[in-house]
Amino acid sequence: MAKIKFETGETITDLSAIAQTLAPLHIQLNHWPLGDDPELAQLLAQESLTDDEKETVLVKLDHYFQQLRETEGYQNRDLIVLNPQTPNLETLLTKFDKIHTHADGEVRYIVDGEGVFGFVLPDESQVELTIEPGEYINVPNGTEHWFVLTERRRIKAVRYFAGTDGWVPEYTGRELRFQPAAK
Ligand SMILES: [Fe+2]
């Protein structure tokens, strides 16, 4: 279940309260059931996946992509798989752990593990949102954010793309005050 943590240490786990906190930023957070396909569950439980296995996972979840394609014009999707065995994992993560924006939205459906998105609220306070399997997030273009993994260092997420190059990180230079990710 998603949770949001404030700089004060206060934590909220109620999805509608979380959605309300993020509403001024126009961030969408939805629960999308993973279903009960045993083959999908087995693939998601594996630490790593071959390219063929990744494609199998994507196809099994393509009804969500189809909706996004029809309603929002998304063109492509892939599956990102990160775990402690991923080569250069820590270097890779340093691209995204500073406050940045993208020209396109950052749209993710978490299917295994956890991810932590940080945001700057309108009052300039900073929060971290931990999202878990079955949760979909859409961070609109231009929204200041950062992204880290939890200590478990494991995530599988479907990424949906409107274009091909719109989500290179653009660093805004704002200082990240929040303490490193959820323990
Ligand atoms: Fe990002």
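Let me begin by describing the structure that accompanies this report. (Residues numbered from 1 in each chain as written. Predicted model: local features only at pLDDT ≥ 70, side-chain atom pairs only at ≥ 80, totals over all residues. Heavy atoms only, no water.)

Bringing helix α2 (residues 38-45) into the picture now. Of all the residues in α2, the buried ones are Leu40, Leu43 and Leu44. Looking straight down α2, one finds that the buried residues subtend no more than 95 degrees of arc, so they occupy a single side. Along α2, exposed side chains directed more than 90 degrees from the buried face belong to Pro38, Gln42 and Ala45. Of the surrounding elements, those touching the buried residues of α2 are α3 (51-60), β6 (106-113) and β11 (155-161). (Buried < 20%, exposed > 50% of the residue type's maximum accessible area, 1.4 Å probe, protein only. Helix = DSSP H or I, 4+ residues; strand = E, 2+ residues; numbered from the N terminus. Arc of directions from axis to C-beta. Contact = heavy atoms within 4.5 Å.)

As a further point, take the pairing of strand β9 (residues 135-139). Burial within β9 is extensive, with 5 of its 5 residues counted as buried. Side chains Glu135, Ile137 and Val139 project from β9 onto one buried face, and the interleaved Tyr136 and Asn138 project onto a second face that is buried too. The sheet contact formed by strand β3 (residues 28-31) and β9 spans 4 bridges and is antiparallel. Residue pairing across strands places leucine 29 opposite isoleucine 137, the latter belonging to β9. In this sheet, β9 lies alongside β6 in antiparallel orientation, the contact comprising 5 bridges. If you follow isoleucine 110 over to β9, its bridge partner there is glutamate 135. (Pairing = 2+ DSSP bridges.)

What follows covers the environment of serine 125. Considering the arrangement of structural elements, one finds serine 125 in the loop between β7 (115-120) and β8 (126-131). Residue class for serine 125 comes out buried when judged on its relative accessible area of 19%. Taking the C-alpha atoms as reference, serine 125 lies 9.6 Å from threonine 8; in sequence the two are 117 residues apart. Of the polar contacts made by the side chain of serine 125, one reaches the side chain of aspartate 123; its length is 2.6 Å. (Polar contact = N/O pair within 3.5 Å; in protein donor to acceptor, adjacent residues only side chain to side chain.)

It is worth spelling out helix α4 (residues 62-72) at this point. Buried within α4 are the following residues: Tyr64, Phe65 and Leu68. Buried residues of α4, viewed axially, fall in a sector of 100 degrees; they line one side.

Before going further, it helps to examine the packing of aromatic side chains. Taken as a whole and judged by the stated rule, the model has 9 aromatic pairs. Each ring, one from tyrosine 64 and one from tyrosine 109, has its centre 5.3 Å from the other, and the planes form 75 degrees; the classification is edge-to-face. Of this pair, tyrosine 64 sits in helix α4 while tyrosine 109 sits in strand β6, and the two are 45 residues apart along the sequence. According to the relative accessible area criterion, tyrosine 64 is buried, its value standing at 9%. Among the aromatic residues, those joined into a cluster by ring pairs are Trp32, Tyr64, Phe65, Tyr109, Tyr136 and Tyr160. (Phe/Tyr/Trp six-rings, centres within 6.5 Å; stacked < 30°, edge-to-face > 60°.)

One non-glycine residue with positive phi stands out, namely asparagine 88, at about 55 degrees. Looking at the element boundaries, asparagine 88 is found in the loop between β4 (76-82) and α5 (89-93). Positive phi, close to 75 degrees, is recorded for glutamate 124, a residue that is not glycine. Note that glutamate 124 resides in the loop between β7 and β8.

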